[in-house]
Amino acid sequence: MSPAWFFRCLQEAGRGAGRGLGSGPRGSRASGGWGSRRSLLLLALWCCVLGGGGGAEDMVVLRAGLCPGLTEEMIQLLRANGIRTVVDFVSSDLEDVAQKCSLSYKALVAVRRVLLAQFSAFPTNGADLFEELKSSTAILPTGSPSLDQLLDSGLYTGEVTELMGAPGSGKTQVCLGIAASVSLGLKQHVLFLDSTGGFTASRLYQILRARAEDGEEQLEALQRIQVVRVFNIYEMLSALQELRDRLSQQVVSSVGPLKIVVIDSVSAVIYPLLGGKHSEGLAIMMQLARELKTLAKEFSLAVVVTNQVTRESSTGPLKPALGRSWSFVPSTRVLLESKEATWEKATTQRVASLAKSSRQVRLPGPVLLVMEEKLCDMDLASEQREAPSWG
């Protein structure tokens with residue numbers, strides 16, 4: 001949102017408050033009055049908070065079906081005059097728009113009323129928010145009892161959970177286990193965005209075979225997992241926007257109803273944009289962050305992402321990549337590490353520890369991840385193809 005637009009909203013709201021409801025030439029019409037001006041001010045504040053200072057591209061785009069009366073013909077006429085988003089529409093002078101677009105003034109006012117009601121941030125109380133949280137939150141099993149215990153019963157919908165670790169620490173393996181658990185155990189659909197080439201159907205099939213004997217059940221579970229290859233940030237944003245559009249329109253396609261989105265990995269597509277001459281990298285990263293958090297909240301999805309780790313020095317502690325700005329995105333962070341077993345040097349243990357939690361005040365100690373026996377020695381070469389550990 002541009003500062004000019006925000007201050008224009010404040011000025012409009014102030015003029016409306018000064019005239020009062022029903023006073024002046026516009027006060028007697030549906031477009032004026034303090035009620036409408038107040039809604040415009042609230043919408044400006046809402047966009048300021050959620051938009052995080054982004055431009056019009058971060059706002060809701062006008063499209064047919066967004067609200068009653070907003071037809072495709074009206075949208076085309078509005079776009080021809082530079083009005084593409086909800087913010088563009090509600091901040092425009094509707095009398096001028098009606099004349100320029102040859103549209104009914106009353107119809108435009110009716111559409112704006114509905115849009116303001118849908119997108120203005122009217123206050124609500126904590127009790128209502130808590131009830132909404134209880135009714136919309138589900139807990140999804142990861143397929144690993146020890147990891148579920150670490151995560152306070154499992155993955156929570158409405159949140160972003162991050163798995164961080166060095167290449168070969170088991171991030172992709174855990175992601176595949178989560179996808180198998182949700183698809184096979186809960187009969188829910190999974191969207192898996194693969195940005196490293198680490199996803200292989202054979203590995204997933206091995207996990208499913210270890211958990212179910214029925215071949216038809218294994219096949220059905222595979223069909224409930226949709227994999228999308230995204231090898232740069234723009235492909236990832238496009239895939240997420242397509243998902244949002246489909247969920248907004250409640251279109252049930254071959255993907256079916258979703259409960260979880262798995263992204264392996266975010267660092268692979270974001271890190272090349274950070275630093276150097278790529279000054280827009282941080283803005284694009286935060287656009288992705290807003291998209292993930294909004295998807296999780298609005299559609300009650302569990303979002304799981306993987307991230308790399310780095311060190312400030314050769315002896316320093318491991319810390320997640322992507323810096324402080326990204327650290328506020330995940331509600332929960334799990335550090336995955338590979339360690340040699342003390343009793344047998346050839347055996348590798350995968351250890352998970354909780355680095356951040358929005359629910360647990362005292363973080364529990366690390367736990368040992370127990371994989372299926374046939375998968376313990378699985379080749380993790382695909383994870384080695386991720387970007388090297390930076391720092």
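Everything below is about the structure printed above this text.
For the structure given in this document, a descriptive report is provided here. Not measured: the values here are computed from a predicted model. Numbering of residues begins from 1 in every chain and follows the order in which that chain's sequence is written. Local features in a predicted model are, by the rule used here, given only for residues with pLDDT of at least 70; side-chain atom pairs are given and counted only at 80 or more, and totals for whole chains, interfaces and linings are based on all residues. Side-chain measures here rest on the full set of heavy atoms in the structure, leaving out hydrogens and waters.

1. A few points about the overall build of the protein
When helices and strands are counted, the protein shows 17 helices and 12 strands. Relative accessibility under 20% of the residue-type maximum defines a buried residue, over 50% an exposed one, and the middle range a partly exposed one, all with a 1.4 Å probe and only protein chains included. Burial analysis of the protein (391 residues in total) assigns 47% to the buried set. Long-range contacts, defined as pairs at least 24 residues apart, comprise 69% of the intrachain contacts of the protein with a sequence gap of at least 6. Working definition of accessibility: Shrake-Rupley area with a 1.4 Å probe, residue cover restricted to the visible protein chains. By element, 54% of the accessible surface of the protein is carried by carbon and sulfur atoms, the whole surface being about 19400 Å². The helix and strand labels rest on DSSP assignments: H or I over at least four residues marks a helix, E over at least two residues marks a strand, and numbering proceeds from the N terminus. The contact criterion used is simple: two residues touch if any of their non-hydrogen atoms lie within 4.5 Å.

2. Things to note about the packing of aromatic side chains
Two rings belonging to Phe, Tyr or Trp (six-membered ring only in the last case) form a pair when the distance between their centres is within 6.5 Å. Interplanar angles under 30 degrees mark stacking, angles over 60 mark edge-to-face geometry, and anything in between is tilted. The full count for this structure, using the stated rule, is 1 aromatic pair. Above the plane of the ring of Tyr156 lies Arg359, whose end atom (NZ or CZ) is 3.5 Å from the centre. Sitting over a ring, as applied to charges here, requires NZ of Lys or CZ of Arg to be within 6 Å of the ring centre and within 35 degrees of the ring normal.

3. A short note on the pattern of salt bridges
A side-chain nitrogen of Lys or Arg and a carboxyl oxygen of Asp or Glu constitute a salt bridge if their distance falls within 4 Å. With the rule as written, the count across this model stands at 8 salt bridges. Put simply, Glu242 and Arg246 hold a salt bridge, and the shortest N to O gap is 3.8 Å. Pair noted here: Glu242 and Arg246 are both in helix α13 (residues 233-248), with a separation of 4 residues, about one helical turn. Glu242 sits in the exposed class, given a relative accessible area of 51%. Among the salt bridges present, the one from Glu298 reaches Arg244, with a minimum N-O distance of 3.4 Å. Here the residue Glu298 occupies a position in helix α15 (residues 281-298), and Arg244 occupies one in helix α13, the gap between them amounting to 54 residues. The exposure class assigned to Arg244 is buried, which follows from its relative accessible area of 17%.

4. Re a negative patch on the surface
Among the surface-exposed residues, Glu213, Asp214, Glu216 and Glu220 lie close enough to one another that they form a single negatively charged patch. Among the secondary structure elements, Asp214 is positioned in the loop between α11 (201-211) and α12 (215-223). Like-charged residues within 9 Å of one another, or nonpolar side chains (Val, Leu, Ile, Met, Phe, Trp, Tyr) within 5 Å, are grouped into patches, provided each residue has over 30% relative accessible area and no salt bridge. Here the positive residues are Lys and Arg and the negative ones are Asp and Glu; neither His nor the chain ends is included. For the purpose of locating charges, the reference atoms are NZ of Lys, CZ of Arg, CG of Asp and CD of Glu.

5. Some points on helix α4 (residues 72-80)
Considered for burial, the residues of α4 that qualify are Met74, Ile75 and Leu78. Within α4, the buried residues cover an arc of 100° as seen down the axis, which keeps them to one side. Residues of α4 that are exposed and point over 90 degrees away from its buried face: Glu73 and Ala80. Among the residues trailing α4, Gly82 stands out with phi positive, at a value near 80°. The arc in question is the one traced by the directions running from the helix axis out to the C-beta atoms.

6. Some points on the packing of helix α6 (residues 94-101) against helix α7 (residues 105-119)
In this description, a line fitted to the C-alpha atoms serves as the axis of each element, helices being fitted only across the stretch in contact, and the angle between N-to-C directions of two axes falls anywhere from 0 to 180 degrees. Close contact between α6 and α7 brings their axes to 9 Å; oriented N to C, the two are set at 130°. In this view, α6 runs oblique relative to α7, as classed from their interaxial angle. Considering the relative orientation of α6 and α7, their crossing is right-handed. Taking contact as the criterion, the partners of Leu94, Glu95, Val97 and Ala98 in α6 are, on α7, Tyr105, Leu108, Val109 and Arg112. Side-chain classes follow a simple rule in which Ala, Val, Leu, Ile, Met, Phe, Trp, Tyr, Cys and Pro form the nonpolar group, Asp, Glu, Lys and Arg form the charged group, and the remainder, Gly included, forms the polar group. Residues belonging to the contact of α6 with α7 are distributed by class as follows: 6 nonpolar, no polar and 2 charged. Each angle is binned into one of four classes, with values under 35 degrees roughly parallel, values over 145 roughly antiparallel, values of 65 to 115 roughly perpendicular, and all other values oblique. Two helices crossing with the near one rotated counterclockwise from the far one by less than a right angle form a left-handed crossing, whereas a clockwise rotation gives a right-handed crossing.

7. Focus on the side chain of Ser183
For Ser183, the location among the structural elements is in helix α10 (residues 171-185). On the accessibility criterion, Ser183 (0% relative accessible area) is buried. Those residues in contact with Ser183 that sit more than four places away from it in its chain are Gln188, Val190, Ala221, Arg224 and Ile225.

8. Some thoughts on the nonpolar core
Throughout this description, the term nonpolar core refers to a set of buried Ala, Val, Leu, Ile, Met, Phe, Trp, Tyr and Cys residues connected via side-chain atoms within 4.5 Å. Counting 33 residues, the largest nonpolar core has Leu147, Leu155, Leu163, Ile178, Ile260, Val334 and Ala352 as the members making the most contacts within it. At 8 residues, the largest contribution of residues to this core is made by α10. Beyond its immediate stretch of four places on either side in the chain, Ile178 contacts Thr142, Leu155, Leu163, Ile260 and Val304. Among the nonpolar cores identified, the runner-up in size contains 31 residues, and Leu240, Leu273, Ala289 and Val303 belong to it.

9. Notes on the side chain of Glu162
Tracing the chain through its elements places Glu162 in strand β3 (residues 160-165). Each polar contact in these results corresponds to two N or O atoms within 3.5 Å; when the atoms are within protein, one needs to be able to donate a hydrogen and the other to accept it, and residues that are neighboring in sequence are counted only if both atoms are side-chain atoms. There is a polar contact of 2.8 Å between the side chain of Glu162 and the side chain of Trp326. In contact with Glu162, not counting residues within four places along its chain, are Val305, Asn307, Pro320, Trp326, Pro330, Thr332, Arg333 and Val334.

10. Some words on the packing of α10 against α11
Between α10 and α11, the shortest axis-to-axis distance is 10 Å and the interhelical angle comes to 50°. Taken together, the axis directions place α10 and α11 in an arrangement best described as oblique. Between α10 and α11 the crossing geometry is right-handed. Where α10 approaches α11, its residues Thr172, Gln173, Leu176, Gly177, Ala180, Ser181 and Leu184 are matched on the opposing element by Arg203, Leu204, Ile207, Leu208 and Arg211. Residues belonging to the contact of α10 with α11 are distributed by class as follows: 6 nonpolar, 4 polar and 2 charged.

11. Describing α13
Working rule for helices: expected span equals 1.5 Å times residues minus one. The end-to-end C-alpha separation of α13 is 22 Å, in line with the 22 Å expected for 16 residues at 1.5 Å each. Among the residues of α13, those classed as buried are Ile233, Met236, Leu237, Ala239, Leu240, Leu243, Arg244 and Arg246. Tucked inside the fold, the buried residues of α13 contact β4 (189-194), β5 (225-229), β6 (258-264), α14 (267-270) and α15. Residue Asn232 occupies the N-cap position of α13, its side-chain oxygen lying 3.0 Å from the main-chain nitrogen of Tyr234.

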